[in-house]
Amino acid sequence: MTGKHVTFSGLFLAMLKRDMVIAFRHPSDLANPLIFFLVVVSLFPMAITPDPEYLAEIAPGVLWVASLLATLLSLDLIFQSDYQDGTLEQLLLSPQPIYTSVLAKVFSHWLLSGLPLALISPLLAMMLFLPAQAMWTLVLTLLIGTPVMSFIGAVGAALTIGLRKTGLLLSLLVLPLYIPVLIFAASAVHNAALGISVTGHLALLGAMLALSVVLAPLAIAAALRISLGN
Amino acid sequence: MWTWFYRLGSPKWFYDISGRWLPWIACVASILLLTGTVWGLAFAPQDYQQGNSFRIMYIHVPSAFLAQSCYFVMAICGGIGLVWKMKLSDIVAKSCAPIGASFTLLALVTGAIWGKPTWNTWWVWDARLTSMLVLLFLYLGVIALQSAIVDRNQAAKASAVLTLVGLVNIPIIKYSVEWWNTLHQPASFSLISRPAMPMEMWMPLLIMVIGFYCFFAAVLIMRTRVEILEREWRTDWVRSLVKNR
């Protein structure tokens, strides 16, 4: 039996399309991380103070921690349903390189969680009185930072797949690894609010993204092989 | 040439040979720790700025050393286990995690106790303290993953992957945190450069560091031996070992 030759982009796009179709058949899965983001951000003024000046001061950190948690909670969307219906095993068994399919899965996770977060963030930034000059930096850091979080999170999700009570365990594994992204992204937004140049921060975030595009799929593939036990 | 490597993979061989080494290592460790403690706490001169409170350094610095070294040992063993599927290195990697977590906790606690008289606060969000705290989180994550997976083989491999991912992240975390905030004094102990402190202070510290490493080796061997017995209880050699006791 000889399979049809599949190109990198062919496989990538096919995987992406499949994930998108599945995701849009369950719209609530798409909305939940966004609603979570909205609710968590609106908790802070209630818990700390409604004072605009103070809120503007803490806004970069709050927005970034909230989007980090929203990404974290959406991580089980990556592999869980594919694990349950056996698709994941088929992917591992298929002759196509697992690297490509993992890359496509993580990318589609980002399209469904990180990208909407980045797009909705200016609205929430307004609610926290983030200075207008920091708005673009916020969106930009989210655009660069959320895929890094999707990649790192996918490693954790792949390791904990099929275990009972994964929620807390997954956050224990993944959160410490999110710290560098959090530090650079939040301080970039903070600096932008103060009117200081942020190119250095953005470059470092970009470096992290490059590193995770290259390395994370290898770790994810290894973790999937281990978790599915072959 | 590679026979020693293959032999190293046999739990029985390791059990036999480590049984012979263990008393010596434990002996050296206790002598060094005793000498270092007494010398450092009682005889080393006072610090002209910090008075006697600096003496906690004789515990703090070695445990901070070990906290990091232990992670490297765990990562190397995990990597060997992943590549060569060596049972023994899986066992060693598993035994490393709780030891490393304890050393990290010890370094954090002694640091806090030292910080109170020196910086007048138990905790500061300083780069080194924070990266130590993150290291503790990494250890706890590995331990949590170990205990969540029932199948031993799978648990060993999964935590090896996590350890290696953490290893890639450690320098990134270290530098990002350092860049973020620094208050801690730079490392005052190094084996290669000339010591920044007088010889009478440095010598007991050196002894303590070596003593801690020996102690680590002894504890690691002990944990590994127990784990080997637990895993191999069905084999003949373990049964005859137990019978002959």
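Before going into details, it helps to say that this report is about the structure given with it. (Residues numbered from 1 in each chain as written. Chains lettered and ligands numbered in written order. Predicted model: local features only at pLDDT ≥ 70, side-chain atom pairs only at ≥ 80, totals over all residues. Heavy atoms only, no water.)

Turning to a positive patch on the surface, a few remarks are in order. On the surface, a cluster of positive charge is made up of Arg152(B), Arg234(B), Arg239(B) and Lys243(B). The topology assignment puts Arg234(B) in the loop between α7 (199-231) and α8 (236-243). (Patch = residues over 30% accessible without salt bridge, like charges linked within 9 Å, V, L, I, M, F, W, Y side chains within 5 Å. Areas by Shrake-Rupley, 256 points an atom, 1.4 Å probe, with all protein chains shown as cover. Salt bridge = Lys/Arg side-chain N within 4 Å of Asp/Glu carboxyl O. Lys, Arg positive; Asp, Glu negative; His and termini not counted. Charge placed at Lys NZ, Arg CZ, Asp CG, Glu CD. Helix = DSSP H or I, 4+ residues; strand = E, 2+ residues; numbered from the N terminus.)

The next subject is unusual backbone geometry. One non-glycine residue, Phe129(A), lies in positive phi territory at about 60 degrees. Here Phe129(A) lies in the loop between α6 (98-127) and α7 (135-160). A relative accessible area of 41% places Phe129(A) in the partly exposed class. Backbone geometry at Asn120(B) places phi at a positive 65 degrees, although glycine is not the residue there. Among the residues examined, Asn120(B) registers a relative accessible area of 60% and is labelled exposed. (Buried < 20%, exposed > 50% of the residue type's maximum accessible area, 1.4 Å probe, protein only.)

If you check helix α4 (residues 87-119) of chain B, its first and last C-alpha atoms are 47 Å apart, about what 33 residues at 1.5 Å a residue would give, namely 48 Å. For α4(B), the principal kink sits at Ala97(B) and spans about 25 degrees; a proline, Pro98(B), occurs within the next four residues. (Expected span 1.5 Å × (residues − 1). Bend = angle between axes of the 7 residues up to and from the residue.)

Each side of the interface is counted separately: chain A has 22 residues, and chain B has 24 residues. Between chain A and chain B, roughly 2000 Å² of surface is buried when both sides are summed, and carbon and sulfur atoms account for 87% of that area. A per-residue breakdown of the area chain A buries against chain B is headed by Leu159(A), Leu177(A) and Ile226(A), which together make up 27% of the total. Linking chain A with chain B are zero salt bridges. When residues of the side of chain A that touches chain B are traced back to their parent elements, those giving at least two are α7, α8 (166-194) and α9 (199-227) of chain A. Partitioned by chemical class, the residues of the side of chain A that touches chain B number 18 nonpolar, four polar and no charged. (Contact = heavy atoms within 4.5 Å. Buried area = accessible area lost by both parts, 1.4 Å probe. Nonpolar A, V, L, I, M, F, W, Y, C, P; charged D, E, K, R; others polar.)

Residues and elements named next belong to chain B. With respect to the element layout, Thr 224 can be found in helix α7. A relative accessible area of 1% means that Thr 224 is categorised as buried. Excluding anything up to four places from it in sequence, Thr 224 contacts Phe 14, Leu 88, Ile 91, Val 92 and Ser 95.

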